[in-house]
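# Chains, contacts and geometry: an overview
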Amino acid sequence: MEHAVIVHLRLDDDGFGSAEKRASINELQDALADAIDEAEAGEFDGDEFGQGECVLFMYGPDADVLFDTIKAILKKSPHSKGGFAIKRYGEASDAKASEVKGKL
């Protein structure tokens, strides 16, 4: 069973964010991917920029372990202000998979 942690970050405009903001979020993504790899908690799968937010996708066998792995990095990041994370306990195709949403 594959769980997910999906992080939503606010950008500095209503579009794709400034070049500086995107570059800084890319550095954050590198830190998240490294932490996930080091903990063997799953994988960082990518991002989507647009409509004033950046959405980060991470997958692994346990959403709680995955979130605990990245939580400290997100808490330290200024990008987390106003953002939130969704922990999904199950496959994306499972309409009955439970989700828990929380502020960062």
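Note that the structure is predicted; figures quoted are calculated from it, not measured. (Residues numbered from 1 in each chain as written. Predicted model: local features only at pLDDT ≥ 70, side-chain atom pairs only at ≥ 80, totals over all residues. Heavy atoms only, no water.)

Taken together, Glu-2, Glu-27, Asp-30, Asp-34, Asp-37, Glu-38, Glu-40, Glu-43, Asp-45, Glu-91 and Asp-94 make up a surface patch of like negative charges. Elements represented by at least two residues in the negative patch include exactly helix H1 (19-39) and strand S2 (43-50). The dominant element in the negative patch, judged by the number of residues it contributes, is H1, at five residues. Inspection of the secondary structure assignment puts Glu-27 in helix H1. Residue Glu-27 is classed as exposed on the basis of its relative accessible area, which comes to 58%. (Patch = residues over 30% accessible without salt bridge, like charges linked within 9 Å, V, L, I, M, F, W, Y side chains within 5 Å. Areas by Shrake-Rupley, 256 points an atom, 1.4 Å probe, with all protein chains shown as cover. Salt bridge = Lys/Arg side-chain N within 4 Å of Asp/Glu carboxyl O. Lys, Arg positive; Asp, Glu negative; His and termini not counted. Charge placed at Lys NZ, Arg CZ, Asp CG, Glu CD. Helix = DSSP H or I, 4+ residues; strand = E, 2+ residues; numbered from the N terminus. Buried < 20%, exposed > 50% of the residue type's maximum accessible area, 1.4 Å probe, protein only.)

With antiparallel pairing, five strands are arranged side by side in an open sheet as S2-S3-S1-S4-S5. Here the strands that pair on one side only, and so sit at the sheet edges, are S2 and strand S5 (98-103). The mean inter-strand angle of the sheet, taken between neighbouring strand axes irrespective of direction, is 15°. The strands that H1 touches are strand S1 (3-10), S2 and strand S3 (53-60); relative to S2, the one it contacts most, it runs at about 165°. On the sheet, helix H2 (residues 63-76) packs against S1, S3 and strand S4 (84-89) and is oriented at approximately 30° with respect to S1. (Pairing = 2+ DSSP bridges. Axes fitted to C-alpha atoms, helices over the stretch in contact; angles between N-to-C directions. Contact = heavy atoms within 4.5 Å.)

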